[in-house]
Amino acid sequence: MTVTTVTPGDRLEGDLDIEETIESVPEAYRLRGMFFKGLVDRLENEWPELQKRLLEPPRDGRYLNFRDYPQRDYTRLHFAAAVKTYPTVGNRESMRRLSRSDFDVFAKSVLGRVIVAMIHDAKSALLKVPMVYEKVAPGDWTITAEELDARTVRLEFSGLDGAWEYQLGQLEGISTAFGAHPRIRAEVRGPGHFCFDVELR
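In this text, all values refer to a predicted model and were calculated from it rather than measured experimentally. (Residues numbered from 1 in each chain as written. Predicted model: local features only at pLDDT ≥ 70, side-chain atom pairs only at ≥ 80, totals over all residues. Heavy atoms only, no water.)

Q: What should I look at first to understand the nonpolar core in this one?
A: One broad trend across soluble globular proteins is that nonpolar side chains are buried collectively. Core analysis: the biggest nonpolar cluster contains 56 residues, and Leu77, Tyr133, Phe157, Leu171 and Phe196 have the highest contact counts within it. When near neighbours in sequence (up to four residues on either side) are disregarded, Tyr133 contacts Pro138, Trp141, Ile143, Phe157, Leu160, Tyr166, Gln167 and Gln170. (Core = buried A, V, L, I, M, F, W, Y, C linked by side-chain atoms within 4.5 Å. Buried < 20%, exposed > 50% of the residue type's maximum accessible area, 1.4 Å probe, protein only. Contact = heavy atoms within 4.5 Å.)

Q: How should I be thinking about the packing of aromatic side chains in this particular structure?
A: Each aromatic ring pair is summarised here by two numbers: the centre-to-centre distance and the angle between the ring planes. Applying the stated criterion across every chain, the model contains eleven aromatic pairs. Taken together, a centroid distance of 5.9 Å and an interplanar angle of 80 degrees make the contact between Tyr74 and Tyr166 edge-to-face. With Tyr74 in helix α4 (residues 71-85) and Tyr166 in helix α10 (residues 164-177), this pair connects stretches of sequence that are 92 residues apart. We classify Tyr74 as buried; its relative accessible area is 5%. According to the relative accessible area criterion, Tyr166 is buried, its value standing at 12%. Taken together, the aromatic side chains of Phe36, Trp47, Tyr63, Tyr69, Tyr74 and Tyr166 make up a single cluster linked through ring pairs. (Phe/Tyr/Trp six-rings, centres within 6.5 Å; stacked < 30°, edge-to-face > 60°. Helix = DSSP H or I, 4+ residues; strand = E, 2+ residues; numbered from the N terminus.)

Q: How should the sheet that holds strand β5 (residues 152-158) be read in this particular structure?
A: Remark on secondary structure: sheet strands pair via backbone hydrogen bonds, oriented parallel or antiparallel. Overall, antiparallel pairing links the five strands, which are arranged β1-β6-β7-β5-β4 in an open sheet. Looking at strand neighbours, the two that pair on one side only are β1 (2-6) and β4 (142-149), the edges of this open sheet. Taking each pair of neighbouring strands and ignoring which way they run, the sheet shows an average axis angle of 15 degrees. (Pairing = 2+ DSSP bridges. Axes fitted to C-alpha atoms, helices over the stretch in contact; angles between N-to-C directions.)

Geometric descriptors of this kind do not, in isolation, establish any biological role.
Right, dumping it as structure tokens:
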């Protein structure tokens, strides 16, 4: 078991094995195309070569917002875009930083605008994470969210293989979008089993 406590200003050190991380994501797991499109834009001239390595390259090279695509492909593109966007840090930190922008991508979608309209603060946003995952990332996983106290939410992810640094960045992005300054205790309990206590300050 690994436990790490960080704020957005702290840096994660080291690198993940990219291919091993990609292979750990079950082939059946899917993700909506809205999250792929920005990565393609970031990759620019690297996109044509990376496209050849995907399980399901998009038709005509364009992702459709509400069509599902393999999460393995997303993980490959996300790693590449993260390293290109943040070249001065290790890939654990670059992946975390890039995933902070996921909330902005979701919030601009039709579904996102509807859900965000019902949210008033960072805590209520974090408590809706399981429901949002059900809508945009089909897979055989379990996510629970519970309020521990007035300013702390616990999110537990099980069966969601890949890099926990990715979910860490997502939770930071959600929190800061609503003006909170999160302090997150991340507990890695096993492969694909992560628990985050998000203290909102």
